[in-house]
Amino acid sequence: MPVLLKIAACAAVVFAPLVATAAGAQAPSGSDALAPVMAGEFALQAGKLPDAARWYLEAAQAEDDPGLAELATRIALLANDDARAADALALWRQRAPESLAMRAADAALALRRGDADATRRGLQTLMSDSKGWRYALTVLGGGGRDPRLASTLLGELLDKNLIPNQLQAWLAFGGLAQALGEMALAERIVGVAVERFPSEPRVALLHASQLRRAEKPEQARAILDGLMPQAAGEEALRLALAREYDALGAPGAAAAALAQGPQDTATFGLRASLLAKAEDTPALTALYDELRKNASQPDP
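Residues numbered from 1 in each chain as written. Predicted model: local features only at pLDDT ≥ 70, side-chain atom pairs only at ≥ 80, totals over all residues. Heavy atoms only, no water.

**Some words on the overall build of the protein**
For step 1, the next point in the chain: Within the protein, the regular secondary structure consists of 17 helices and zero strands.
For step 2, the next point in the chain: By residue count, 45% of the 300 residues in the protein fall in the buried class.
For step 3, the next point in the chain: Carbon and sulfur atoms form 53% of the exposed surface of the protein, whose accessible area is close to 14900 Å². (Helix = DSSP H or I, 4+ residues; strand = E, 2+ residues; numbered from the N terminus. Buried < 20%, exposed > 50% of the residue type's maximum accessible area, 1.4 Å probe, protein only. Areas by Shrake-Rupley, 256 points an atom, 1.4 Å probe, with all protein chains shown as cover.)

This is how it looks when you write it as structure tokens:
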């Protein structure tokens, strides 16, 4: 179950923007699609995805509109209604030129059916476009009904050197491997990323996360300690470093990371929380003394 929960969480993140898109959809005034769109939107707002998929497909069938067909496809995918997704995708393909989004929907349906060959072809087509890796990530992040198939296909993308030489792509696919529970695959992806982007702190953080998940805390801690000086001048890196230290079971080190650089109310609060978690009373006292030096901002 933990792997399935991780995949569900990953899918939720990937598909969340589609809900917002669907909720804001409007059919042309006076069209035959208006009533089913309204019904579909109410169902969507109420979290009744199967009903929303049914209504939006009806709207797409009533109106010769590629946007409605695309929306119906996406909502049906959200609802795990493969039959309606296939019907809506067919309408979408009839009405609009083939796009990355359309190819991704096709590959997602193939993955749901467990059709490895069709999914593989779809992923390779997506990865041939410089922007297609994000869509491929969406497909694999959905997990299909067999997480092992998604993991296998992700491994093939790595083996065939199809992941583009873009930092964000390697971070995303490395994170996906972790979410799928594929620690060996995550280690391989992170290893290549470290070679390609040796001075990038986000890759080092991903490496530390991978080592922590692989139950290699000492190696993970060494990487985090090496990032500490660099974090002094980067707020985002300090926060990410603190999160990883805390996940490693070192809240005191997390507080030390946050203590670098400019401080504000949120930073002081996080440091206090971490030091309390570490049960470090002397450090909490020192933090209070630090606050007292400028007692009005923030109020100690």
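**A word on the environment of Ala-79**
For step 1, the next point in the chain: Its location among the elements puts Ala-79 in the loop between α4 (66-78) and α5 (82-95).
For step 2, the next point in the chain: In this structure the C-alpha to C-alpha distance between Ala-79 and Pro-50, which are 29 residues apart in sequence, comes to 5.5 Å.
For step 3, the next point in the chain: Here Ala-79 is in contact with Leu-49, Pro-50 and Ala-53, once residues within four sequence places are set aside. (Contact = heavy atoms within 4.5 Å.)

**Focus: α5**
Since the α-helix turns once every 3.6 residues, residues separated by three or four places project in the same direction.
For step 1, the next point in the chain: Spanning 14 residues, α5 covers 20 Å between terminal C-alpha atoms, matching the ideal 20 Å at 1.5 Å per step.
For step 2, the next point in the chain: Among the residues making up α5, those that are buried are Asp-82, Ala-85, Ala-88, Leu-89, Leu-91 and Trp-92.
For step 3, the next point in the chain: Contacts made by the buried residues of α5 are with α3 (49-62), α4 and α6 (100-113). (Expected span 1.5 Å × (residues − 1).)

**Topic: unusual backbone geometry**
For step 1, the next point in the chain: Positive phi values are uncommon outside glycine, yet Asn-161 reaches one of about 55 degrees.
For step 2, the next point in the chain: By the element assignment, Asn-161 lies in the loop between α9 (147-159) and α10 (167-179).
For step 3, the next point in the chain: For Asn-161, a relative accessible area of 52% corresponds to the exposed category.
For step 4, the next point in the chain: You will see that Glu-215, though not glycine, has its phi angle at about 60 degrees, which is positive.
For step 5, the next point in the chain: If you trace the backbone, Glu-215 turns up in the loop between α12 (201-213) and α13 (217-231).

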